[in-house]
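What the coordinates show
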Amino acid sequence: MKVTILEKKAGEEDELIIKCDSLDESLTKLINQFKGGKGKMNFYKDGRIVFVDAEEVLYFESVDDTVFAYTKDSVYETKSKLYQLENELPASIFFRASKGVIVNLDKIDSLMPVFGGRFEAVLQNGYKVVISRNYLNTLKELLGL
Amino acid sequence: MKSEERKELFSIMLNVCTRVITLIFIVTTLFEKFIQKQDTHWAINDIWGVLFIGIVSGLGSGIFCYLKEASKINVIVSHVVYFLMLNAVLLFTSLKLGWFEIEFSSLMTMESMFILIYAAVSVLVYMLDYNEAKKINQKIQDRKKSHAATEAIED
C-alpha cells in the first residue's frame, strides 16, 4: 500500500484520505481505529459512508452475511462481522442476544418471556429482539444478577 | 455443543422431568380422592410408568434447546409435535399398565388429566421465566436511574 503524507496549509484541518476500489475488512478496521477515539463507527447508507456514535445503535443484526446497524430512525450497513463487532464494542453496553444479533443494553426498555422458553427485549423505539436462553446469562452477568 | 450448553440442556430436561412426575402424582391423587372418592394405591409398575412418562417429557423438552434461534412458527410446530408425542407415549403406557379401560369416557378422563398436567407444567415454566424477566427489568431500570444520576452530576 502506498502511503503519501502531504503538508497542509496553515489553518487547514488534519485530513486522512483513503483511495481504494472498495473498503475491505482491514481498511474498515483501520478507519474504526482512527475514528475510535471519538466513539464513532463507520457505516454505509445509500452508498455513502456515515459516521455514527456506537451508543446510538440499538442493535446489530446479521442477515444473509450482511450486518446491519439499527438506530432510532435509520438502518445502516456495516462491513464488520458480528464477532468482530463483539470484540470492538464496549462489553459493558453491547451483548450477544442470539447467534445473529448484538444488542445495546442501554436501549432496552423491558424484557418479556415468549413462547418456547425464549425472551423478547423491547427496545426504546418499540423494536422487538429475541434473546435466546443461551445468551441470557451474559445479560444477567452484565446486570450483576 | 459446549459443556455449558450441555449442562443447561441437562438442567432443563431434569426440571421438566421432575415437574411432570410430581404433577402426575399430585393430579392423580387429587383426582382419585375428590372425584373418584377413593384412595390411590400405586403399584411398582405404575410408579415405573410415571417415571417413564417423566423421562420422555424431559428428553422431549430438549428439542426446544435446539430451537432457540428458530422462528415462531417452528417453535409452535415443535410444541404441537411434542404435545402429540407425549400424548402417544401416555396412551401406550396407560394401555400397557391398564390405567384406563378401552372406552370413550375413560379415554376422555385420561386425556383431560394429560391436558391439565401439560398446561400446569407450561404455566409453571412461563411463571419462572416471567419472574426472571421481572428481576432483569428491575436491574435495567436501576441501571437507567444510575445513568441518569451520573449524567445529572456531570451536567
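No experiment lies behind these values; they were computed from the predicted model shown.

1. Section: a nonpolar patch on the surface
On the surface, a nonpolar cluster with roughly 450 Å² of combined accessible area is contributed by Met112(A), Val123(B), Tyr126(B), Met127(B) and Tyr130(B). Relative to the elements of secondary structure, Val123(B) occurs in helix α4 (residues 104-154). Taking relative accessible area as the criterion, Val123(B) reaches 48% and is therefore assigned partly exposed.

2. Looking at the packing of aromatic side chains
For the structure shown, the criterion picks out 12 aromatic pairs over all chains. Taking 5.1 Å as the distance between ring centres and 45° as the angle between the ring planes, the aromatic pair formed by Phe83(B) and Phe114(B) counts as tilted. Of this pair, Phe83(B) sits in helix α3 (residues 72-97) while Phe114(B) sits in helix α4, and the two are 31 residues apart along the sequence. In this structure Phe114(B) comes out as buried when scored by relative accessible area, which is 9%. Arranged with centres 4.9 Å apart and planes meeting at 90°, the rings of Phe83(B) and Tyr118(B) form a pair that is edge-to-face. One end of the pair, Phe83(B), is in helix α3; the other, Tyr118(B), is in helix α4, and 35 residues separate them in sequence. On the accessibility criterion, Phe83(B) (23% relative accessible area) is partly exposed. On the accessibility criterion, Tyr118(B) (17% relative accessible area) is buried. The rings of Phe43(A), Phe60(A), Tyr76(A) and Phe94(A) are connected pair by pair, giving a single aromatic cluster. Looking at Lys45(A), its charged tip hangs above the ring of Tyr76(A), at a distance of 5.7 Å from the centre. One Lys or Arg, Lys79(A), reaches over the ring of Tyr44(A) and ends 4.9 Å from the middle of that ring.

3. Details of the pairing of strand β5 (residues 75-78) of chain A
All names here are of chain A. Across the two faces of β5 the burial differs, with Tyr-76 and Thr-78 buried and Val-75 and Glu-77 not buried at all. One ladder, built from four bridges, connects strand β4 (residues 66-70) with β5; its direction is antiparallel. Across the sheet, the residue bridging to Val-67 is Thr-78, located in β5.

4. Some remarks on α3(B)
Residue and element names in this part refer to chain B. Along its 26 residues, α3 runs 37 Å from first to last C-alpha, staying within 8% of the 38 Å computed at 1.5 Å per residue. Buried within α3 we find Val-75, Ser-78, His-79, Tyr-82, Leu-86, Asn-87, Val-89, Leu-90, Thr-93 and Ser-94. Just downstream of α3 lies Gly-98, where phi reads positive at about 70°.

5. Details of the interface of chain A and chain B
At the interface, 30 residues of chain A touch 26 residues of chain B. Between chain A and chain B the total buried area reaches about 2400 Å² when both faces are included, carbon and sulfur atoms providing 56% of it. Linking chain A with chain B are three salt bridges. A salt bridge links Lys144(B) to Asp109(A); the shortest N-O distance between them is 3.1 Å. Every element with two or more residues in the side of chain A that touches chain B is listed here: β8 (108-114), β9 (118-123) and α3 (133-142) of chain A. Among the elements that make up the side of chain A that touches chain B, the one with the highest residue count is α3(A) (seven residues). Tallied by class, residues from the side of chain A that touches chain B come to 14 nonpolar, nine polar and seven charged.

6. Structural notes on the pairing of strand β10 (residues 128-131) of chain A
All names here are of chain A. With burial as the criterion, only one face of β10 is covered, namely that bearing Val-129 and Ile-131; the residues Lys-128 and Val-130 on the opposite face remain uncovered. By the bridge criterion, four bridges tie β9 to β10 in an arrangement that is antiparallel. The residue of β10 that forms the bridge with Ala-121 is Val-129. The hairpin turn running from β9 into β10, its antiparallel successor, is four residues long, and Gly-126 in that turn takes a positive phi close to 95°.

7. Here's the deal with the sheet that holds β8(A)
Residues and elements named next belong to chain A. Strand order across the open sheet formed by three strands is β8-β9-β10, with antiparallel pairing between neighbours. If you trace the sheet from one side to the other, it starts and ends with β8 and β10, each paired once. Each strand of the sheet is rotated relative to its neighbour by a mean of 30°, with strand direction disregarded. Where β8 and β9 come together, six bridges link them in antiparallel fashion. Bridge pairing links Pro-113 to Phe-119 in β9. Across the sheet, α3 lies against β8, β9 and β10, angled at about 100° from β10, the strand it touches most.

Thresholds, definitions, all that
Residues numbered from 1 in each chain as written. Chains lettered and ligands numbered in written order. Predicted model: local features only at pLDDT ≥ 70, side-chain atom pairs only at ≥ 80, totals over all residues. Heavy atoms only, no water. Patch = residues over 30% accessible without salt bridge, like charges linked within 9 Å, V, L, I, M, F, W, Y side chains within 5 Å. Areas by Shrake-Rupley, 256 points an atom, 1.4 Å probe, with all protein chains shown as cover. Salt bridge = Lys/Arg side-chain N within 4 Å of Asp/Glu carboxyl O. Helix = DSSP H or I, 4+ residues; strand = E, 2+ residues; numbered from the N terminus. Buried < 20%, exposed > 50% of the residue type's maximum accessible area, 1.4 Å probe, protein only. Phe/Tyr/Trp six-rings, centres within 6.5 Å; stacked < 30°, edge-to-face > 60°. Lys NZ or Arg CZ within 6 Å of the ring centre and 35° of its normal. Pairing = 2+ DSSP bridges. Expected span 1.5 Å × (residues − 1). Contact = heavy atoms within 4.5 Å. Buried area = accessible area lost by both parts, 1.4 Å probe. Nonpolar A, V, L, I, M, F, W, Y, C, P; charged D, E, K, R; others polar. Axes fitted to C-alpha atoms, helices over the stretch in contact; angles between N-to-C directions.

Geometry only, nothing functional implied.
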